[in-house]
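# Notes for the structure review
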Amino acid sequence: MSDYRRIADRIADDIATGRLRPGQRLPTQRAFARRRGVAPSTAGRVYGELVRRGLVVGEVGRGTFVRAAPAVGRAGRTLTEAAPGAAHVNLELNYPSAPGQAELLAPVLAPLLRPDVLAEALLPAAATGTEAAREAAAALLTTPGWRPAPERLLFTGNARQAIAAVLASLVRPGGRVGVEQLTYPLVKEIAARLGIRLVPLAGDAAGLLPEAVAAAHRTAPLSALYVQPTLHNPTSLTTGRPRLLHLAQLVHDLDLPVVEDRIWSFLREPGDPFAAHAPALTHVVDGLSKRVAPGLTVGFLVVPPHRVAAVAGAVRSGGWSAGRFALEAAVRWAGEGTVARLVEAKRADAARRQRILAEELAGFAVRSDPGAYFAWWELPAPWRADTFTAAAAAHGIAVTPGPDFAVAPGHTPDAVRIGLGSAPEPDLRRALRTLARVAARRAGERTGP
């Protein structure tokens with residue numbers, strides 16, 4: 001094993017045993033090299049290895065800090081493995097469930113369990129699904145000014161697979177994809193697996209800046225653009241029509257393909273997608289995981305007509321096809337109005353949870369849409385994202401640190417994302433109240449240095 005890895009192992013052990021605490025700043029690489037009697041280049045490799053392992057995070061102009069670790073109880077359980085009855089609240093996950101959801105879904109599934117129907121439902125599904133599935137999905141995704149043609153619909157196991165299939169079909173390894181500076185964390189993982197480089201693009205209160213897209217494309221051509229114009233995760237920003245039109249004109253001028261993620265769009269009153277303004281370039285990603293349930297879901301893709309064969313090929317080669325049983329269930333849920341009823345129930349549920357958020361975090365810098373299932377909390381000084389995440393975990397509450405969403409390494413926002421959709425409302429209120437108390441502590445009283 002290389003010397004730098006042995007040194008990294010010793011530091012990792014210090015972190016695991018608590019000798020180095022979450023949020024603690026490591027020495028500069030030059031100071032570390034002097035103390036250890038190693039070359040500065042070796043120190044750099046040690047720090048790089050610790051970053052690679054996810055044990056530390058580097059912040060430009062501030063230093064390198066120990067990352068927050070999962071909270072571990074007396075029995076050695078992590079936060080997600082809490083003992084029965086433990087008061088652990090996970091505000092990282094965001095799987096909304098409407099009251100009475102199971103009772104609403106069950107009657108539609110029952111006919112699929114008849115042997116003659118089940119035999120058909122257990123057959124493999126093609127990326128193009130069935131005619132009934134294409135018609136049902138087209139109706140579900142329709143907005144007042146946009147209706148996708150059913151022949152442009154493709155299906156995957158979930159929306160994440162849909163994103164992977166589109167990017168795999170558009171971008172060669174080494175290619176560049178423009179994304180917002182803060183983006184869906186799994187897009188970063190998908191890009192890494194596909195060998196794609198993500199290029200962070202600046203935005204403002206109105207959304208992604210067209211001039212940022214143009215400047216990045218001039219530096220080196222972008223192969224595609226990934227955007228979340230409706231209820232952006234994590235900020236919940238929705239881009240207005242003037243900015244959408246400006247961006248649509250730009251991608252048309254650049255002939256730049258777009259991947260539009262609309263997974264949370266069902267929470268807002270129907271608005272036209274970006275695809276309505278740039279249909280020949282935009283690939284729309286959506287799905288049922290949030291509308292219905294994550295355990296039996298389908299991902300939807302609406303692709304430009306000339307791209308259907310290429311994206312379908314990527315779905316097949318990636319093994320990302322939808323399950324036939326889930327596809328049949330989706331057709332029935334959509335056709336019988338179950339999805340529409342769940343959407344209305346979840347809109348009302350999200351609005352209630354937003355009211356709880358506003359009450360419990362009043363006075364803090366929290367950004368969110370009144371109908372969203374998540375919020376972006378810009379922490380008060382002197383808190384940093386990792387130290388606050390560790391403090392929250394010590395109270396049995398899981399939140400997502402801002403750096404998880406940051407595309408540019410070293411530019412880590414002092415913020416956390418709060419997922420509102422999974423915890424029961426009483427637990428959510430108690431957790432938010434606890435977090436407010438933690439955030440309000442004086443620097444000398446908080447967890448970490």
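Right, let's walk through the structure included here. (Residues numbered from 1 in each chain as written. Predicted model: local features only at pLDDT ≥ 70, side-chain atom pairs only at ≥ 80, totals over all residues. Heavy atoms only, no water.)

### Some details on the overall build of the protein chain
Tallying secondary structure elements over the protein chain gives 15 helices and 17 strands in all. Against the 2.2 N^0.38 benchmark of 22 Å for 449 residues, the protein chain shows a C-alpha radius of gyration of 23 Å, consistent with a compact globule. Overall size of the protein chain, expressed as C-alpha extent along the three principal axes, is 70 × 55 × 45 Å. The contacts of the protein chain with a sequence gap of at least 6 include a subset with a gap of at least 24, amounting to 72%. Averaged over its 54 positive side-chain charges, the protein chain has a centre that lies 7 Å from the centre of its 39 negative ones. (Helix = DSSP H or I, 4+ residues; strand = E, 2+ residues; numbered from the N terminus. Rg over C-alpha atoms; globule rule 2.2 N^0.38 Å. Contact = heavy atoms within 4.5 Å. Lys, Arg positive; Asp, Glu negative; His and termini not counted. Charge placed at Lys NZ, Arg CZ, Asp CG, Glu CD.)

### As for empty space enclosed by the protein
Tallied over the entire structure, the rule returns two cavities of 30 Å³ or more. Its volume calculated, the largest cavity comes out at about 70 Å³. If you trace the largest cavity, you find 13 residues lining it, with Ala136, Ala137, Phe300, Ala330 and Val331 closest to the centre. Where the lining of the largest cavity is concerned, the elements lending two or more residues are α6 (131-141) and α12 (324-335). Residue composition of the lining of the largest cavity, by class: 13 nonpolar, no polar and no charged. (1 Å grid on protein atoms, 1.4 Å probe; cavity = no way out; pocket = protein on both sides within 12 Å on 5 of 7 lines; lining within 4 Å. Points joined across faces, edges and corners; volume = space filled by probe spheres on them. Nonpolar A, V, L, I, M, F, W, Y, C, P; charged D, E, K, R; others polar.)

### With respect to the pattern of salt bridges
Throughout the structure, instances matching the rule amount to 21 salt bridges. Of the charged contacts in the structure, one is a salt bridge between Arg429 and Glu359, with a shortest N-O distance of 2.9 Å. On the criterion of sequence distance, the pair formed by Arg429 in helix α15 (residues 425-440) and Glu359 in helix α13 (residues 338-360) is long-range, its members being 70 residues apart. Through salt bridges with shared partners, a single network forms among Asp9, Glu49, Arg52 and Arg53. (Salt bridge = Lys/Arg side-chain N within 4 Å of Asp/Glu carboxyl O.)

### Some details on the pairing of strand β4 (residues 153-156)
Across a regular strand the side chains alternate sides, sitting on one face of the sheet and then on the other. Here β4 shows a buried face lined by Leu153 and Phe155 and a second buried face lined by Leu154 and Thr156. Relative to strand β12 (residues 299-302), β4 is paired through four bridges, and the arrangement is antiparallel. Paired with Phe155 across the two strands is Phe300, which belongs to β12. (Buried < 20%, exposed > 50% of the residue type's maximum accessible area, 1.4 Å probe, protein only. Pairing = 2+ DSSP bridges.)

### Notes on the nonpolar core
Residues Phe155 and Val177 are the most contacted members of the largest nonpolar core, which totals 72 residues. No other element matches the eight residues that helix α7 (residues 159-170) contributes to this core. With 25 residues, the next largest nonpolar core counts Ile356, Leu379, Ile397 and Ala423 among its residues. (Core = buried A, V, L, I, M, F, W, Y, C linked by side-chain atoms within 4.5 Å.)

As far as function goes, none of this settles anything; it's purely spatial.
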